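Coordinate inspection notes
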Amino acid sequence: SSVTRAEFVKMTVQALYPETQITSCLDDEANLTKYGLGMDFWDVPRDAWFAPAVCIAWSKYLVSGYSNGSFQPDRTITLAEGAKILAVGFGLPTLNAPDLTSLGDEWYRPSILALGQAKAIPQTAEGYDHRLTRGEVAIMLARLLDVLEENPVAAASLSPGDAANPVEWVPYVRRDLKFSFAYPS
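Everything quoted here is computed from the prediction, not taken from an experiment.

Quick look at the overall build of the protein now. The helix and strand tally for the protein stands at eight helices and four strands. Starting at the N terminus, the α and β elements of the protein follow one another as α-α-α-β-β-α-α-α-α-α-β-β. Scored against the burial criterion, the 185 residues of the protein give a buried share of 40%. Within the protein, residue pairs in contact and separated by at least 24 positions form 60% of the contacts whose partners lie at least 6 positions apart. Within the structure as shown, the protein displays about 10,500 Å² of accessible surface, and the carbon and sulfur contribution to it stands at 53%.

What follows is the structure, encoded as structure tokens:
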């Protein structure tokens, strides 16, 4: 059967964070605020079964909701939405610089490419708008947990101070286009 956004977030959060952190999220004001804003989805009541998972996902930047202030927990999740949540949650690199043209304009493309590189996209997925099933989500999480287990440093952080084997940041400069950035080697 298909998976809702609330179910997907709960499964993902349970795979990534300890249960004590999840259950205490709604009680910790630091988790409920960022940029001076609070987690205030009008369709996520604090007593909902999925509220603690959404709280963790929001506080860890896995989800941001929609512009109308909703989370839409009952909506079926697509591969595009799931890929973004998983790529952020598992710390997958989502930018193959300096070749920026391959990413296109679609917001989901970098996340889908990252999941593809991690071999975490099920063969049954038929496109970015594919509605994920429970079996497909299980496959995706299992494959990403295997990647995390095989290489925890790469999945943990791109910040040199956080990694046992620091990532070397390579500058990329285009003076003719007046921009520059750094990317992990």
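The rest of the description comes next.
Below, the discussion takes up the packing of helix α1 (residues 5-16) against helix α4 (residues 51-59). Running from N to C, α1 and α4 cross one another at 70 degrees; their axes reach a closest spacing of 9 Å. Here α4 runs roughly perpendicular to α1, going by the angle between their axes. Viewed along their axes, α1 and α4 form a crossing whose handedness is left-handed. Along the contact surface, α1 presents V9, K10 and V13, while α4 presents A53, V54, I56 and A57.

The first and last C-alpha atoms of α1 sit 17 Å apart over twelve residues, in line with the 16 Å expected at 1.5 Å per residue. Buried residues of α1: R5, A6, E7, F8, V9, T12 and V13, and no others.

Turning next to the packing of helix α5 (residues 79-89) against helix α6 (residues 109-117). At a minimum axis separation of 8 Å, α5 and α6 run at an interaxial angle of 70 degrees. The pairing of α5 with α6 is recorded here as roughly perpendicular in orientation. Residues L79, A80, A83, K84, L86 and A87 of α5 lie in contact with α6, whose contacting residues are S111, I112 and L115. The residue makeup of the contact of α5 with α6, split by class, is seven nonpolar, one polar and one charged.

Conventions adopted
Residues numbered from 1 in each chain as written. Predicted model: local features only at pLDDT ≥ 70, side-chain atom pairs only at ≥ 80, totals over all residues. Heavy atoms only, no water. Helix = DSSP H or I, 4+ residues; strand = E, 2+ residues; numbered from the N terminus. Buried < 20%, exposed > 50% of the residue type's maximum accessible area, 1.4 Å probe, protein only. Contact = heavy atoms within 4.5 Å. Areas by Shrake-Rupley, 256 points an atom, 1.4 Å probe, with all protein chains shown as cover. Axes fitted to C-alpha atoms, helices over the stretch in contact; angles between N-to-C directions. Parallel < 35°, antiparallel > 145°, perpendicular 65-115°, else oblique. Left-handed = near helix turned anticlockwise from the far one by under 90°. Expected span 1.5 Å × (residues − 1). Nonpolar A, V, L, I, M, F, W, Y, C, P; charged D, E, K, R; others polar.

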